[in-house]
Amino acid sequence: EAFLLFTDVTFPFVARECDDILTENWKTAWRDVPMVGDFAVKMLSKLRFWGFALLSSATGILVNGVLGLLCMPFLRSRDSVSGTDFVAW
């Protein structure tokens, strides 16, 4: 679970190094998508690829943490909750 969290945290910063290439390629791909393509291209123009990766990673970490906290009372089979139980929710 520690390695998964590490990759979630570091991916946006790795993506930032390739941002110029990735953003343009991703915008090109989204232009062909019907109905939501124009909106996605406008969003990518503001966020860029690495910003979207950061937003996605932060949302995933936040949701996982909140759900883990909410499920903790039900996972308590002993005095403490292990990290594996916290992340497994």
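(A) Looking closely at the confidence of the model for the protein chain. Residue-level pLDDT values for the protein chain average 83, and 84% of them are 70 or greater. Across the protein chain, helix H2 (residues 19-31) holds the top mean pLDDT of 89, while helix H4 (residues 83-88) sits lowest at 68.

(B) Quick look at the packing of aromatic side chains. Considering all chains together, one arrives at four aromatic pairs under this definition. Seen from their ring centres, Trp26 and Trp30 are 6.4 Å apart, and the 75° between their planes marks the pair as edge-to-face. With Trp26 and Trp30 both in helix H2, this residue pair falls four residues apart, about one helical turn. Owing to a relative accessible area of 27%, Trp30 belongs among the partly exposed residues under this scheme. Among the aromatic residues, ring-to-ring pairing joins Phe11, Trp26, Trp30, Phe49 and Phe52 into one connected group.

(C) How the structure looks around the pattern of salt bridges. Inspection of every chain in the model, using the stated rule, returns three salt bridges. For Arg48, the salt bridge goes to Asp19, with nearest N and O atoms at 2.8 Å. Of the two residues, Arg48 sits in helix H3 (residues 37-75) while Asp19 sits in helix H2, which places them 29 residues apart along the sequence. The class for Arg48 is partly exposed, based on a relative accessible area of 22%. Residue Glu24 pairs with Lys27 through a salt bridge whose shortest N-O separation is 3.7 Å. One end of the pair, Glu24, and the other, Lys27, are both in helix H2, three residues apart, so they sit about a helical turn from each other. For Lys27, a relative accessible area of 10% corresponds to the buried category. Counted as one network, the salt bridges with shared partners bring together Asp19, Asp20 and Arg48.

Calculation notes
- Numbers given for residues are sequential positions, taken from 1 along each chain in its written order.
- Local features in this predicted model are restricted to residues of pLDDT 70 or higher, and side-chain atom pairs are both shown and tallied only at a pLDDT of 80 or more, whereas totals for entire chains, interfaces and linings draw on every residue.
- Water and hydrogen atoms were dropped before computing side-chain values, which therefore reflect all heavy atoms in the structure.
- The pLDDT value tells you how sure the predictor is about a given residue, anywhere from 0 up to 100.
- Secondary structure is summarised from DSSP: a helix means a run of H or I of at least four residues, a strand means a run of E of at least two, and numbering begins at the N terminus for each.
- Stacked, tilted and edge-to-face are the three classes applied to pairs of Phe, Tyr and Trp rings, where Trp contributes its six-membered ring and a pair requires centres within 6.5 Å; stacked means planes under 30 degrees apart, edge-to-face means over 60, and tilted covers the rest.
- Only protein chains enter the accessibility calculation, which uses a 1.4 Å probe. A residue is then buried if its area is under 20% of the maximum for its type, exposed if over 50%, and partly exposed in between.
- A pair is scored as a salt bridge if a Lys or Arg side-chain nitrogen falls within 4 Å of a carboxyl oxygen belonging to Asp or Glu.

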